Amino acid sequence: MTSPYQTAYQRSVDDPEGFWAEAAREIDWIKPADKVLDDSAAPFYRWFVGGELNTCHNAVDRHVQNGRAEQPAIIYDSPMTGAKRTITYAELKDQVSRFAGVLKGLGVEKGDRVIVYMPMIPEAPIAMLACARIGAVHSVVFGGFAAQELATRIDDAKPKAVVMASCGLEPGRVVAYKPLADKAIELATHKPEKVVVFQRPEQTGEMTPGRDHDWAEEMASATPADCVPVKATDPLYILYTSGTTGQPKGVVRDNGGHAVALKWTMKAVYNVEPGEVYWAASDVGWVVGHSYIVYAPLLNGNTTVVFEGKPVGTPDAGTFWRVIAEHKVSTLFTAPTAFRAIKREDPDGTFLEKYDLGHFKTLFLAGERSDPDTLKWAEDKLKVPVIDHWWQTETGWAICANPMGLEPMPVKHGSPTVAMPGWNVQVLDENQQPVKAGDIGALVCKLPLPPGTLPTLWNADQRFKDAYLVDYPGYYKTGDAGYIDENGYVYVMTRTDDVINVAGHRLSTGAMEEVLASHPNVAECAVIGVHDDMKGQVPLGFVVLKSGVSRDQGEIVKELVGLIRQEIGPVAAFKQAVVVDRLPKTRSGKILRGTMQKIADNQDYKMPATIDDPGILPEITEALEGIGLASHRTG
Ligand code: COA
Ligand code: AMP
């Protein structure tokens, strides 16, 4: 007898058009699709071609029409300011249609890009939904990036307008967004015509007359705008993510496939019914924030929590439990690092005793590998299922998960369980051949990918092909390595490229190397991710100085740390670098970053057969020992 999961999975593989056409019935269409899957331009695939809809209508207006007008759509809870606010679906519709009117009034039209640069306040989802309402394409930029990173995104997306808050709040400091955005616009070649500023009382921003407009003033006089029909294949948003270089990848998300897939996941993956309170403790600047703070819960008629705070220190390690209890949260989604932070502060879970978590059903974790210790701790303390699931900015939703609404499966610690319907996940070796169960290889997904995944990169079809489709023809390369066991459970072990995961944030070591190399004293450099008990990984730099540089090395390291903060931003969490005489390389000149990482993490390593000069490794070990990492070991 086949199980509900197996039935759904098999159908999604055998008859993807039928499977997703059925899921599409849950969405209001202005015009149904002519073709569910268009493969005529493979390897570029398009879902729901010919269909028309409006994502904002599906996320907001239709719930107002269908009896949810007075249900909270958003609960804003900010331990940073003490503010709490509830916005019903009717109020959300009013706010979003007004802000859509503001954008229209400022000349933003269908297809125009709008950069949204906001912290965790309700105005962020309001701005995103307002863009969707008028067919504009939003691109949200995370607040922890530096002006240069914002400038790079402005130049790539070429927005007509920037919508921003005057500041964000981090524990112990106000992050002044306005001067940062002004600087970014100054650095960028493309100049956005309009800037809308939501002034926060903690720090207001100075306005540039003619270009800058005050959010509150504009809203007061705005004419609300209606939803416009957009094509299913029109872009809803661009979200930039780290690749292997300093130039981030503009992941494109379409309207139709996205709405269908995300709505489907709310039941199948998360087992959440409309009306429940769903909380993704992430940030709107990341894909988890896009999919599971804003779009999926609203498409499903849930109440979503917009939380401005940290898991610890705002004010204590009981904050998550307070929010769950106070707002009757049924489902929490966050990164394992948040739980490692809580566990470190309150290993016995004493804060849990203060709160009634009676409504809490399930904890979902993603963004980085869930270490079994943390997962078991969460299971033990919370007494609810703790579900690891694996996905990426590119995919927009889970490649692998434990499908709680289809068929909950036994949890295997260390595995995000099984491939979700729509995902034909395989493990291939370097010759593109399948490996046997249990053997490690590249995790790839057979094309076409399901709806909601990236159709391409913004204005970069060739880069899309080169980055994801060329190495394994017929497959999407995830960039992760891992294995599948004999029961079909997938294990995601490590990235195969220059991407690292720091506190659930995806960062490019290549981008950091570009910054270090720009320092006038640096001849050569390498950045690797080393193990960190709380953040999972943190970056560590190695630099070789130009000959003749005799300055104090401590000073140079300090400058390098400052340079990364200035060029990439505090989110890079780059705090350590060591000066070495030489970097270990292969005979063809490739830096042996993998070996350096093993030494730093105190793991056994094999002397690479292709190493040019083995004598360099003890020098690296010694330098690492100097900062408290590594110890002499060879295998
Ligand atoms: N705006 C400005 N700066 C920010 C920022 C933002 N939105 N977010 C983080 N930063 C800054 C931090 O203040 C910190 O600055 P510092 O070097 O001056 O201390 C730096 O960027 C590094 O931040 P982070 O790596 O997040 O470390 P942290 O010590 O501030 O917090 C955690 C660690 C684990 C508590 C936090 O990362 C967290 O809650 N993560 C889990 C949730 C999550 O965001 N997941 C993302 C995907 S699901
Ligand atoms: P991002 O695009 O920021 O979501 O980062 C995606 C990357 O994070 C993936 O390619 C993985 O390397 C890692 N990742 C996300 N979720 C998991 C998970 N559940 N287990 C292991 N790695 C994960």
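Residues numbered from 1 in each chain as written. Chains lettered and ligands numbered in written order. Predicted model: local features only at pLDDT ≥ 70, side-chain atom pairs only at ≥ 80, totals over all residues. Heavy atoms only, no water.

Our working definition: UniProt positions are given in the numbering used here, feature names are shortened, and annotations may be inferred rather than shown by experiment.
The name an unreviewed UniProt entry assigns to the chain is Propionyl-CoA synthetase, from the organism Roseospirillum parvum. According to its UniProt record, the chain has this under Sequence similarities (unreviewed entry): "Belongs to the ATP-dependent AMP-binding enzyme family."

### Observations regarding the side chain of Ser 415
We apply this condition: Helix and strand definitions here come from DSSP, where helices need a minimum of 4 consecutive H or I residues and strands a minimum of 2 consecutive E residues; each element is numbered from the N-terminal end. Pairs of N or O atoms are called polar contacts if they sit within 3.5 Å, as long as, within protein, a hydrogen donor faces a hydrogen acceptor (for residues adjacent in sequence, only side-chain-to-side-chain pairs). Whether two residues touch is decided by their heavy atoms; if any such pair falls within 4.5 Å, the residues are in contact.
Assignment of secondary structure puts Ser 415 in the loop between strand S21 (400-401) and strand S22 (418-419). Within the local environment of Ser 415, its side chain forms a polar contact with the backbone oxygen of Val 490, the two atoms lying 2.6 Å apart. Excluding anything up to four places from it in sequence, Ser 415 contacts Asp 388, Tyr 489, Val 490 and Tyr 491.

### Some remarks on unusual backbone geometry
Under the convention used in this document: Three labels apply to residues, based on accessible area from a 1.4 Å probe with only protein chains included: buried if under 20% of the type maximum, exposed if over 50%, partly exposed otherwise in between.
With an omega dihedral of 10°, the bond running from Ala 42 to Pro 43 counts as a cis peptide bond. Mapped onto the fold, Pro 43 is located in the loop between strand S1 (35-41) and strand S2 (44-49). Here the bond from Leu 447 into Pro 448 is cis, since omega is 0°, no more than 30 degrees from zero. Looking at the element boundaries, Pro 448 is found in the loop between strand S24 (441-446) and helix H14 (461-469). Unlike most non-glycine residues, Lys 383 shows phi in positive territory, near 55°. Here Lys 383 lies in the loop between helix H13 (372-382) and strand S20 (386-388). According to the relative accessible area criterion, Lys 383 is exposed, its value standing at 65%. In this model, Gln 432 sits at a positive phi of 65°, which is unusual for a non-glycine residue.

### Notes on the sheet that holds S24
Worth spelling out the cut-off: Whether two strands pair comes down to DSSP finding at least two bridges between them. The axes are straight lines fitted to the C-alpha atoms, using for helices just the contacting stretch, and the angles between their N-to-C directions are given from 0 to 180°.
Judged by pairing direction, the sheet is antiparallel, and its four strands sit side by side in the order S23-S24-S25-S26 without closing on themselves. Two strands close off the open sheet at either side, each with one partner strand: strand S23 (425-428) and strand S26 (490-495). This sheet shows a mean twist of 50° between the axes of neighbouring strands, independent of strand direction.

### Regarding the site of ligand 2
Formally: Nearness is judged by heavy atoms alone; a residue qualifies as near a molecule or strand once a single heavy atom is within 4 Å of it. Note on areas: Shrake-Rupley, 1.4 Å probe, and residue coverage restricted to the protein chains presented here. Each residue gets one label: Ala, Val, Leu, Ile, Met, Phe, Trp, Tyr, Cys and Pro are nonpolar, Asp, Glu, Lys and Arg are charged, and the others, such as Gly, are polar.
Within the structure, ligand 2 sits among 14 residues, and His 389, Thr 393, Asp 480, Arg 495 and Arg 506 are positioned closest to it. One of the side-chain nitrogen or oxygen atoms of Thr 393 is found 2.5 Å away from an oxygen atom of ligand 2. In the environment of ligand 2, an oxygen atom lies 2.7 Å from a nitrogen or oxygen atom belonging to the side chain of Arg 506. Surface burial for ligand 2 is 93%, taken as the share of its 490 Å² of free accessible area covered by protein chains. In terms of residue class, the shell around ligand 2 is built from three nonpolar, five polar and six charged.

### Regarding the environment of Ala 161
Following the sequence through the fold, Ala 161 ends up in strand S8 (residues 161-165). Residue classification places Ala 161 among the buried residues on the basis of a relative accessible area of 0%. As for Ala 161 and Lys 535, which are separated by 374 residues in sequence, their C-alpha atoms are 35 Å apart.

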